[in-house]
Amino acid sequence: MTKTVTKAKTTKTTTRRYAALLRGINVGGNKKVPMAELRALLDGLGHGDVQTYLQSGNAVFSSARQDPSALARELEAAIEGHFGFRVACLVLDGAYLRAVAEACPFPAAELEGKQLHVTFCSAQPGPERFAALDEAAYLPEEYRIGERVIYLHVPEGLGRSKLAEALAKPAVVKGLDVTTRNWNTVAKLVEMTSA
């Protein structure tokens, strides 16, 4: 007599690490989003291993879901429902963040964190958005366009940067959700999403 053995099918769920970047919160007393409440919101949405970094709207979490845009819209809706105001969110997976760091056109290791920033964009900014910028007028400040990012080298820091002001004008960012992080934060988010 031959025995037939059947194995139960197992479904392997692959989770990814994501960073959620919230735009314009906890600045000057406006749009207050306490990090403990943000962690609770992300946990309530079913995400795991939730952590926050600094008070400026950086969260890292694990999810089996594979659509960063859908995760961002869901988080925006949850924030609006809980706090009563809209906050633009970008959700980026760890592999993308590593690629952004590796593609940096400036010598990150030689610069202070305040001298190098990355503006993350919800879509690829085309060259036409920058056509009116006279790059030479802003030297020694410089920018470079990457994959859905703008790298910004500002030797005197972002607070004094005329180029940062120019890059934030509607002609450049209209129709995009954008948020900027200094290099130290980018490096930390790469580390946190790699864990």
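Residues numbered from 1 in each chain as written. Predicted model: local features only at pLDDT ≥ 70, side-chain atom pairs only at ≥ 80, totals over all residues. Heavy atoms only, no water.

Glancing now at the packing of helix 3 (residues 94–102) against helix 6 (residues 183–194). For the pair helix 3 and helix 6, the least separation of the axes is 9 Å and the interaxial angle reads 140 degrees. Taken together, the axes of helix 3 and helix 6 are oblique relative to one another. Of the two elements, helix 3 crosses helix 6, and the hand of that crossing is left-handed. In contact with G94, L97, R98 and A101 of helix 3, helix 6 contributes W183, L189, V190, T193 and S194. Here the residues of the contact of helix 3 with helix 6 sort into 5 nonpolar, 3 polar and 1 charged. (Axes fitted to C-alpha atoms, helices over the stretch in contact; angles between N-to-C directions. Helix = DSSP H or I, 4+ residues; strand = E, 2+ residues; numbered from the N terminus. Parallel < 35°, antiparallel > 145°, perpendicular 65-115°, else oblique. Left-handed = near helix turned anticlockwise from the far one by under 90°. Contact = heavy atoms within 4.5 Å. Nonpolar A, V, L, I, M, F, W, Y, C, P; charged D, E, K, R; others polar.)

Scanning the entire structure with this criterion turns up 9 salt bridges. With its nearest N and O atoms 3.6 Å apart, the salt bridge here joins R86 to E76. Within this pair, whereas R86 is found in the loop between helix 2 (68–83) and strand 4 (89–93), its partner E76 is found in helix 2, the two being separated by 10 residues in sequence. What makes R86 partly exposed here is its relative accessible area of 41%. Of the charged contacts in the structure, one is a salt bridge between E142 and R144, with a shortest N-O distance of 3.0 Å. Residues participating in the shared-partner salt-bridge network are R73, E76, R86 and D177. (Salt bridge = Lys/Arg side-chain N within 4 Å of Asp/Glu carboxyl O. Buried < 20%, exposed > 50% of the residue type's maximum accessible area, 1.4 Å probe, protein only.)

Below, the discussion takes up the environment of L71. Within the secondary structure, L71 is located in helix 2. The buried category is assigned to L71, whose relative accessible area is 2%. For the pair L71 and C89, spaced 18 residues apart in sequence, the C-alpha separation works out to 9.2 Å. When neighbours within four sequence positions are excluded, L71 is seen to be in contact with Y18, H47, F61, S63, R65 and V91.

Before going further, it helps to examine the sheet that holds strand 4. Strand order in the open sheet formed by 4 strands is 2-3-1-4, with antiparallel pairing between adjacent strands. Each edge of the open sheet carries a strand with a single partner, namely strand 2 (48–53) and strand 4. Pairwise comparison of adjacent strand axes, ignoring direction, gives a mean angle of 20 degrees for this sheet. Note: strand 1 (residues 16–22) against strand 3 (residues 58–63), 6 bridges, orientation antiparallel. (Pairing = 2+ DSSP bridges.)

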